[in-house]
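Okay, here's what each chain looks like letter by letter:
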Amino acid sequence: MRILVLVIFLSLIYGVQRFWFLRAWRAAEQLSSPALRHGLEVFLIAALLAFVVSLFSPVVSRFIPVRLIPQSVITVSRLWLIASLFGFIAFQSVGALEWISNLAMRFRPSDGIAFSPARREFFRYAAYFAGSLPFLATTYGFAAGRLRYRVEKVDVPIHNLPPGLDGLRIAQLSDIHIGSYMPPREIARAVEMANDLQPDLAVITGDFVSDHNDPLDVCIGELSKLKAPLGVFGCNGNHEIYASAEEAAQSLFQQHGMRLLRQESVEIAHRGDKFNLIGVDYQRDHMVTGGSTGPMLSGIEHLVRPDLPNVLLSHNPNSFHRAAELGIDLSLAGHTHGGQVQVEIVDRRISPARLITDFVAGLYHLPMGNGAGRNGNSASENGNGSGKASLYVNRGLGTFGMPVRIGVPPEITLLTLRRA
């Protein structure tokens, strides 16, 4: 399955880049100046090579010192990849509309006009306009969209929440991805914004880095400036696995007076009442790996407290189904980045994150499975929220792959627990 997806992905990239390269090459051939024409052709070839090297840098780095490529070249290549794809779709969509229009004209009663130059000129300029919009949007998404942090304040209803926990405030950060596109000063800005919310508890739900080259210690050092009277807790994400940094992250959390929960729980008291905070490493699932890996959250059943509200830190939102079955009241996740790019068509939001999860961003609810809620509550008791588990998916701070955010602003969340 993964090989098929890879083949489709590479075929799409090839088709899109061939389309734009040939159009640019033909435009260069129209230039009257030989020097300018040849110069532009050399530039196109060099740009194509740089794009290929940047795209396949994990493979190319085995033969060529990719570090010699300026970061600006890598950035432009990544921006071009997403802009050229959506530009291609927009351009071809206008072409499809023109084809449908021409087809419809053939079936109209003849009015003596077999061809309309004005209509053809309209569609030509419409195609140019539509094709340029994704390039403008990508530029905005890189220059401004990815750095416009938004604070989301969310009330989470929990059935039979003890009175002392009503109003408990949890600040959540996720998917930091420190690196070239997320410098320490931006993490510090997000931490300051989170501290201004005056949370009782602060949590970070994974992906501190993108790969082993990123400064994990600097990232966690900045996150250690989070202030919350009940403490700062976290869990690992999938990129900690890729970077072989799970143990290092746990150690650094401990050094800075925080706690990274790895298949463990801690009981936290607040205003005379208590809740159970559980944290797990990244939970693999078939939607990502392409095959069954067994039940998610396997082996943590003993961590779930039937006598206390349970809050779970799990980077992958796809663990929510299993968490609801186990009777966990609230799951906090990240991982999706909200798709990073989202468009709305006919009141329907389209996001790449839909390819890996049904839980893209925001608050979700599921019934507690098998009567597993506290005090035996299940969803069948009544329709007012009794026995319902909640999940909140944070859109994350950083980016991965494409350093842009369009319609999906980076997020700092303040969740307030409420008695349902």
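It should be noted that the structure appears before, not after, this text.
Throughout, residues of each chain are indexed from 1 in the direction in which the sequence is written. The predicted origin of the model limits local features to residues at a pLDDT of at least 70 and limits the giving and counting of side-chain atom pairs to 80 or more, whereas totals for whole chains, interfaces and linings rest on all residues. Side-chain descriptors were evaluated using all non-hydrogen atoms of the structure, hydrogens and water having been removed beforehand.

(A) Spotlight on the environment of F253. Looking at the element boundaries, F253 is found in helix α9 (residues 246-255). The spacing of F253 and G234 is 19 residues in sequence and 8.4 Å in space, taken between C-alpha atoms. Contacts between residues were defined by any pair of non-hydrogen atoms, one from each residue, lying within 4.5 Å. Contact partners of F253, with chain neighbours within four places excluded, come to I204, F208, I220, F233, G234, M258, R259 and L260. Helix and strand definitions here come from DSSP, where helices need a minimum of 4 consecutive H or I residues and strands a minimum of 2 consecutive E residues; each element is numbered from the N-terminal end.

(B) Spatial organisation of the packing of aromatic side chains. Note on ring pairs: Phe, Tyr and Trp rings are taken, using the six-membered ring of Trp, and paired if centres are within 6.5 Å. Classes follow the plane angle, with under 30 degrees stacked, over 60 edge-to-face and the rest tilted. This model, assessed by the stated rule, comprises 15 aromatic pairs. Remark: a charge is flagged as sitting over a ring if the NZ atom of Lys or the CZ atom of Arg is within 6 Å of the ring centre and within 35 degrees of the ring normal. Its guanidinium or amino end placed over the ring of Y125, R124 lies 4.7 Å from that ring's centre, counting from NZ or CZ. The aromatic ring of Y149 is capped on one face by R189, whose charged end is 4.1 Å from the ring centroid.

(C) Just the packing of helix α6 (residues 184-196) against helix α7 (residues 216-223), in detail. Two numbers describe how α6 lies on α7: the axes approach to 9 Å, and their chain directions differ by 25°. One element, α6, and the other, α7, form an angle in the roughly parallel class. Classified by chirality, the crossing of α7 by α6 is right-handed. Packed against α6, whose contacting residues are P184, I187, A188 and V191, the element α7 presents V218, C219, E222 and L223 at the interface. The residue inventory of the contact of α6 with α7, partitioned by class, reads 7 nonpolar, no polar and 1 charged. Only the stretch in contact is used when a helix axis is fitted, and all axes are lines through C-alpha atoms; the angle between N-to-C directions ranges over 0 to 180 degrees. Angular relationships are summarised with four words: roughly parallel below 35 degrees, roughly antiparallel beyond 145, roughly perpendicular across 65 to 115, and oblique for the angles in between. Note on convention: near helix rotated counterclockwise from far helix by under a right angle means a left-handed crossing. Clockwise means right-handed. Charged residues are taken to be Asp, Glu, Lys and Arg, nonpolar residues to be Ala, Val, Leu, Ile, Met, Phe, Trp, Tyr, Cys and Pro, and polar residues to be all remaining types, Gly included.

(D) Expanded view of the side chain of T413. Among the secondary structure elements, T413 is positioned in strand β14 (residues 411-419). As used in this structure description, the phrase polar contact means that two N or O atoms lie within 3.5 Å; if the pair is within protein, one of them must be able to donate a hydrogen and the other to accept it, and residues adjacent in sequence are counted only when both atoms belong to side chains. At a separation of 2.8 Å, a polar atom in the side chain of T413 contacts the side chain of N394. Polar side-chain contacts of T413 include one of 2.7 Å to the side chain of E411. In this view, T413 contacts E152, V154, I170, A171, Q172, Y392 and N394; residues no more than four positions away in its chain are not counted.

(E) Spatial organisation of the sheet that holds strand β2 (residues 169-173). DSSP bridges decide pairing: two strands pair if at least two such bridges lie between them. The strand order across the open sheet built from 6 strands is β1-β14-β2-β3-β4-β5, with neighbouring strands paired in mixed fashion. The outermost strands of the open sheet, each flanked by one partner alone, are β1 (150-158) and β5 (259-260). Here 9 bridges tie β1 to β14, and the two strands are oriented parallel to one another. Considered in β14, the bridge of E152 is made with T413.

(F) Quick peek at the environment of P162. Tracing the backbone shows P162 in the loop between β1 and β2. Taking the C-alpha atoms as reference, P162 lies 8.0 Å from K274; in sequence the two are 112 residues apart. In this view, P162 contacts D273, P309 and R419; residues no more than four positions away in its chain are not counted.

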